Amino acid sequence: DADCLTTLMVFLLQHEVDCVQGSTYIRNRTLAAHAGRGGGCGALGQVLAWLLANIIDAEFFVTYFIWMPAIELIGQTGFFGGSVALWRYHSLVNFTFSTVVQTEDIECSARAVLSRQKIRFCPEARSGELSPANLRAFWRQRQRWAMGWDQVSILYFDAIARSNLSFREKAGLYYVFPGRWMACSIGLIAGIVHPIVALVYAGYPWGPWLNAELLIGGAFYSVSTCVMLSQLVIHQAWRSWAFVLLFYFTGPVYLCFQASLVLYSLFSIIAKRDNGWVVTQRALPSGTAAGAETPARAAPALSGPGLSSLSPFRKPSAADAAGEPTLGFTLTRYYTVDRPDSVSGELDGADAPAAGD
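Residues numbered from 1 in each chain as written. Predicted model: local features only at pLDDT ≥ 70, side-chain atom pairs only at ≥ 80, totals over all residues. Heavy atoms only, no water.

Draft legend 1. The packing of aromatic side chains, seen in detail. One pass over the full model with this rule turns up 19 aromatic pairs. Aromatic side chains Trp87 and Phe95 sit 6.5 Å apart centroid to centroid with 45° between the ring planes, which places their arrangement in the tilted category. Each member of the aromatic cluster is reached from another via a ring pair, and the members are Trp67, Phe138, Trp139, Phe247, Tyr254, Phe257 and Tyr264. (Phe/Tyr/Trp six-rings, centres within 6.5 Å; stacked < 30°, edge-to-face > 60°.)

Draft legend 2. Examining the packing of helix H8 (residues 179–200) against helix H11 (residues 251–270) more closely. For the pair H8 and H11, the least separation of the axes is 10 Å and the interaxial angle reads 145°. For the pair H8 and H11, the sense of crossing is left-handed. Touching Arg180, Trp181, Cys184, Gly187, Leu188, Gly191 and Ile192 of H8 are Pro252, Leu255, Cys256, Gln258, Ala259, Val262 and Leu266, all from H11. The class makeup of the residues in the contact of H8 with H11 is 10 nonpolar, 3 polar and 1 charged. (Axes fitted to C-alpha atoms, helices over the stretch in contact; angles between N-to-C directions. Helix = DSSP H or I, 4+ residues; strand = E, 2+ residues; numbered from the N terminus. Left-handed = near helix turned anticlockwise from the far one by under 90°. Contact = heavy atoms within 4.5 Å. Nonpolar A, V, L, I, M, F, W, Y, C, P; charged D, E, K, R; others polar.)

Draft legend 3. The sheet that holds strand S1 (residues 19–26), seen in detail. Spatially, the 3 strands line up as an open sheet ordered S2-S1-S3, and their pairing is mixed. Bordering the open sheet on either side are strand S2 (85–87) and strand S3 (119–129), each of which pairs with just one other strand. Taken pair by pair, the neighbouring strands of this sheet meet at an average axis angle of 25°, ignoring direction. In this structure, S1 lies alongside S2, joined through 3 bridges in antiparallel fashion. Following the sheet pairing, Gln21 is matched in S2 by Ala85. Strand contacts of helix H1 (residues 4–15): S1, S2 and S3, with the helix running at about 175° to S3, the strand carrying the most contacts. Sheet contacts for helix H2 (residues 43–75): S1 and S3; angle to S1, the most-contacted strand, approximately 155°. (Pairing = 2+ DSSP bridges.)

Draft legend 4. Inspection of the confidence of the model for the protein at higher detail. Averaged over every residue, the pLDDT of the protein is 79; the share at 70 or more is 77%. Put simply, strand S7 (residues 336–337) is where the protein has its lowest mean pLDDT, 38, and S1 is where it has its highest, 96. The model gives residues 296–316 a pLDDT under 50, and that stretch makes 41 contacts with residues more than four places away or in other chains. This model gives residues 319–357 a pLDDT under 50, and the stretch forms 56 contacts once residues within four places in sequence are excluded. (pLDDT = per-residue confidence, 0-100.)

Draft legend 5. Representation of the pattern of salt bridges in the model. Applying the stated rule across the entire model yields 6 salt bridges. A salt bridge links Asp57 to Arg29, with the shortest nitrogen-to-oxygen separation between them at 3.9 Å. Of this pair, Asp57 sits in helix H2 while Arg29 is found in the loop between S1 and H2, placing the two residues 28 residues apart along the sequence. A relative accessible area of 3% places Asp57 in the buried class. Residue Arg29 is classed as partly exposed on the basis of its relative accessible area of 26%. (Salt bridge = Lys/Arg side-chain N within 4 Å of Asp/Glu carboxyl O. Buried < 20%, exposed > 50% of the residue type's maximum accessible area, 1.4 Å probe, protein only.)

Written as structure tokens, this is what we have:
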């Protein structure tokens, strides 16, 4: 969005953090955006693609505006989600993405927090993306996300305990990473098993302890619902309210979906079945799909005046110490990409930088 970068910058400077993570929404939410995507199903396929896009958008809203702030409050840290984020240059310069896990952004977050970097959420900084092209692309994306989180949780389980973080900070990291497994189990029991048992055995004298637990659970859910409704009214267009409410109040279905992803992920890790990093196929507004579901290729070669190579992050130089800007990145050379088809936009005319700029 137009004010996304400004919002991130203001938050980063005001709160003196190393990284601030914004939020994502699905931008192809209208039925017209999925015209021609019915395939052999015609209008029904178009409606199903529209439903998938809006349900994912509702999931993103609840995740970014309710669950992630709650995670930050309980775990005392946020995490970097790979996009819609702003880093301080000197905080990021010594980090590179891992090539051995499925979620390189989450693995980078774990190393950053273990290095005492401060990461916070700012969901008001928003950016749109396209929905997955179909259910298969959606399922494979979520498989990769679940496996990546589990890989990072296993990889850093001992490192968190051995770190020089405080007890509270360690507890926060355990809550964010391996705590997912416990949260998923508790969610299944509290959100599915418990209501069924309470319904079947209505009126049964459960005793003071269980009654207290039911009361606390009900109070927590009530507070969560009030927060969701307030955030919905403030930040979401009224046209999306129905999908957000539908997603929120069908939480048990979502819990079962997440549990199946975790079980599949852990089984794959134990069996050493890694399908590789697969680019998510996206739905274009025209009805075609962007990006084939194939393993990611190597980055394109870069060329330009005075440019022999371009690394993701450069080391601090003497110019940095002399007071040059150190927040973000500065392009000092004009370069071109050898695969023009991979570029989403072009510079021409007065917008094109002169050689050496």
